[in-house]
Amino acid sequence: MSSINVWSRGVKPALVRFLIFGIILQAVLLVLIYKNSKPSRYSLPKNQSITANISCDDLLNERDPKVPVLLIDLDFLEYLKTEDCRWDETKRVKIGVHVKDKDGSIIDTNRFDVVLYDSPDNKDFLEFNEDGKRIIPKRFETRQIGNFEIPTNIQRFIEFYKRSKFVECLGLEMNRNKSEKASQNGPESAGILARFRDELIDMEMYPLLNGGTLLGWYRECSVIPHTRDLDFSVFKEMYNPEYAEKVLRNESAFRMSRMLGKLEDSYEITVYSKKEGRPAIDLFVMYDYVEDGEVIYRYIPGLNGDGTKYRFTHLLLDPSCAAEMHGHLFWILCNPIEQLKHEYGPLWYLDHPTGKYYWNSSGKNVKSAGKFNKEEMKKYYLHFKG
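Predicted, not measured: the structure shown is a model, and the values here were computed from it. (Residues numbered from 1 in each chain as written. Predicted model: local features only at pLDDT ≥ 70, side-chain atom pairs only at ≥ 80, totals over all residues. Heavy atoms only, no water.)

(A) Layout of the overall build of the protein chain. Along the backbone of the protein chain there are nine helices and 19 strands. Each of the 386 residues in the protein chain was classed as buried or not, and the buried ones make up 44%. (Helix = DSSP H or I, 4+ residues; strand = E, 2+ residues; numbered from the N terminus. Buried < 20%, exposed > 50% of the residue type's maximum accessible area, 1.4 Å probe, protein only.)

(B) Region of interest: helix 8 (residues 336-344). Buried within helix 8 we find Pro 336, Gln 339, Leu 340, Glu 343 and Tyr 344. Along the long axis of helix 8, the arc covered by the buried residues comes to 105°, so they all point the same way. Looking at the buried residues of helix 8, the elements they touch are helix 6 (211-220) and strand 15 (308-314). (Arc of directions from axis to C-beta. Contact = heavy atoms within 4.5 Å.)

(C) Structural context of unusual backbone geometry. The linkage connecting Arg 278 with the following residue, Pro 279, adopts the cis geometry, with an omega of 0°. Looking at where Pro 279 falls in the secondary structure, it is placed in the loop between strand 12 (268-273) and strand 13 (280-291). Phi is positive for Lys 66, which is not a glycine, with a value near 80°. Structurally, Lys 66 can be placed in the loop between helix 2 (56-62) and strand 1 (69-71). For Glu 204, which is not a glycine, the phi torsion comes out positive at approximately 60°.

(D) Quick peek at the state of the cysteines. Here the structure, examined in full by the defined rule, presents two disulfides. Two residues, Cys 169 and Cys 221, share a disulfide whose sulfurs are 1.9 Å apart. Residues Cys 169 and Cys 221 are joined through a disulfide that is right-handed, its torsion about the S-S bond being 105°. Here the residue Cys 169 occupies a position in the loop between strand 8 (165-166) and helix 5 (186-202), and Cys 221 occupies one in the loop between helix 6 and strand 10 (229-235), the gap between them amounting to 52 residues. In this structure Cys 221 comes out as partly exposed when scored by relative accessible area, which is 22%. (Disulfide = S-S within 2.5 Å.)

(E) Looking closely at a nonpolar patch on the surface. A surface patch of nonpolar side chains, amounting to about 440 Å² of accessible area, comprises Leu 170, Leu 172, Leu 347, Tyr 349 and Leu 350. Within the secondary structure, Leu 350 sits in the loop between helix 8 and strand 18 (366-371). Under the relative-accessibility criterion, Leu 350 is labelled partly exposed at 46%. (Patch = residues over 30% accessible without salt bridge, like charges linked within 9 Å, V, L, I, M, F, W, Y side chains within 5 Å. Areas by Shrake-Rupley, 256 points an atom, 1.4 Å probe, with all protein chains shown as cover. Salt bridge = Lys/Arg side-chain N within 4 Å of Asp/Glu carboxyl O.)

(F) Geometry of the packing of helix 3 (residues 74-82) against helix 4 (residues 154-162). Packing of helix 3 against helix 4 brings their axes to within 10 Å, and their N-to-C directions diverge by 160°. If you check the angle between helix 3 and helix 4, you find them roughly antiparallel. Relative to helix 4, helix 3 is oriented so that their crossing is left-handed. For the pair helix 3 and helix 4, the contacting residues are Leu 74, Leu 77, Glu 78, Leu 80 and Lys 81 in the first and Ile 154, Gln 155, Phe 157, Ile 158, Tyr 161 and Lys 162 in the second. Grouping the constituent residues of the contact of helix 3 with helix 4 by class yields seven nonpolar, one polar and three charged. (Axes fitted to C-alpha atoms, helices over the stretch in contact; angles between N-to-C directions. Parallel < 35°, antiparallel > 145°, perpendicular 65-115°, else oblique. Left-handed = near helix turned anticlockwise from the far one by under 90°. Nonpolar A, V, L, I, M, F, W, Y, C, P; charged D, E, K, R; others polar.)

(G) Region of the structure containing the pattern of salt bridges. Taken as a whole and assessed by the stated rule, the structure comprises 29 salt bridges. Measuring nitrogen to oxygen at the nearest pair gives 3.9 Å for the salt bridge that ties Lys 66 to Asp 64. For Lys 66, a relative accessible area of 56% gives the class exposed. Across the pair Arg 195 and Glu 276 runs a salt bridge, and its minimum N-O distance is 2.7 Å. Pair noted here: Arg 195 is in helix 5 and Glu 276 is in the loop between strand 12 and strand 13, with a separation of 81 residues, a long-range link. Taking relative accessible area as the criterion, Arg 195 reaches 32% and is therefore assigned partly exposed. A cluster of three or more residues bridged by salt bridges with shared partners is formed by Asp 124, Arg 139, Arg 156, Arg 197, Asp 198, Asp 202 and Glu 204.

(H) Structural view of the packing of helix 6 against helix 8. Contact geometry for helix 6 and helix 8: axes closest at 11 Å, N-to-C directions at 125°. In terms of orientation, helix 6 lies oblique with respect to helix 8. The two elements helix 6 and helix 8 meet at a crossing, and its hand is left-handed. Along its contact with helix 6, which presents Gly 211, Gly 212, Leu 214, Leu 215, Trp 217 and Tyr 218, the element helix 8 presents Pro 336, Ile 337, Leu 340, Glu 343 and Tyr 344. Residue composition of the contact of helix 6 with helix 8, grouped by class: eight nonpolar, two polar and one charged.

(I) Representation of the packing of aromatic side chains in the model. With the rule as written, the count across this model stands at 23 aromatic pairs. Centre to centre, the rings of Phe 157 and Tyr 161 are 6.1 Å apart; their planes meet at 25°, and the pair counts as stacked. Separated by four residues within a single helix, Phe 157 and Tyr 161 lie in helix 4, roughly one turn from each other. Take Phe 157 and Tyr 161: they sit in the same class, and that class is buried. Each ring, one from Phe 232 and one from Phe 330, has its centre 6.3 Å from the other, and the planes form 55°; the classification is tilted. Residue Phe 232 is located in strand 10, and its partner Phe 330 is located in strand 17 (residues 328-332); the two are separated by 98 residues in the primary sequence. (Phe/Tyr/Trp six-rings, centres within 6.5 Å; stacked < 30°, edge-to-face > 60°.)

(J) Region of the structure containing the confidence of the model for the protein chain. Mean pLDDT over the protein chain stands at 87; residues scoring 70 or higher make up 85%. Note on residues 1-11: pLDDT is under 50 here. Beyond four places in sequence and across chains, it has six contacts. Across residues 33-50, where pLDDT falls below 50, the model places 16 contacts with residues more than four positions away in sequence or in other chains. (pLDDT = per-residue confidence, 0-100.)

(K) Broad picture of the pairing of strand 2 (residues 93-98). In terms of burial, strand 2 is a largely internal element, six of the six residues being buried. Neither face of strand 2 is left uncovered, since the one carrying Val 93, Ile 95 and Val 97 and the one carrying Lys 94, Gly 96 and His 98 both have all their residues buried. As paired elements, strand 1 and strand 2 share two bridges and run antiparallel to each other. Among the inter-strand pairings, Leu 70 is bridged to a residue of strand 2, identified as Gly 96. As paired strands, strand 2 and strand 3 (residues 112-118) are joined by six bridges and run parallel to one another. Opposite Val 97, over in strand 3, you have Leu 116 as the bridge partner. (Pairing = 2+ DSSP bridges.)

Structural data, given as structure tokens:
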């Protein structure tokens, strides 16, 4: 059969163009309907709207607060990490406004959730008037976008803010025997411990006050003067073994005194300041004790010279709070009294002379955990000369 010549049938070119346009239009409509029917990971309830995927800097410039502010909105900071700023326009952005700029009448509170903060000269942390009080280290750099001050290391700032809920110490008056010799000066020891904290932060570790140092802070807002060392702990998943190598390479303000146990389940190091010498600081790795796939308790290790291993059990308490000791910020358990009762018993608030306290038996939370043999001790019981 021969092909049909439309022109021979008298069909006008304009009609043909109209038919072709109609077919193309139908195809485009079908594609749009298909795309809109697919679920989107950015879909929102009807009462919400979302910005187009513009640059984060442009979005912040568009939301100018008119005064200098610190961006503290953790959700927005997460977007900034990936440069994906499809922000829900109905949601307020949380900002920190310094108390000197507290006249908030010019800030649009429909667009911003304002938190006042201060930066005391005699403290190494910022204070935020939120949830009672929050504190974070001053130790972070920022960049400027318009009136917004943005943390440069976003993840570190998020970790600071997640651990910022402030807990007050008791400040009990201790009636000590005057014959008990003081080995530490509270303000000086807190300053040394803060310098050590900063080195750990630089390695992305966020240590907790532990043992007698936690007890001294909570009970007396200071270091127990007759104790001979300071105690930190850091969770196993957070511990960076490169820090010990850094100390051994003499790239730290601290020297290594000893390195005990193995990283898998029983590791601790002891350091001391090159400048002051004493006190020693113990850094314990904290582990989860798991049975049948469930975490039963946490523990820090201990190792005796004869190879006996110990576990000092810890309750499963929220570790994301902050404290002040002599103008320095330290991270702590949010409910420290529960751990202190677990560790020192119901009379935890009474002073116990260091000379009568035995590290591997006096505590209420000590468990025996096997023993290293002589060959293992050559690897796992290391002492270093100054």
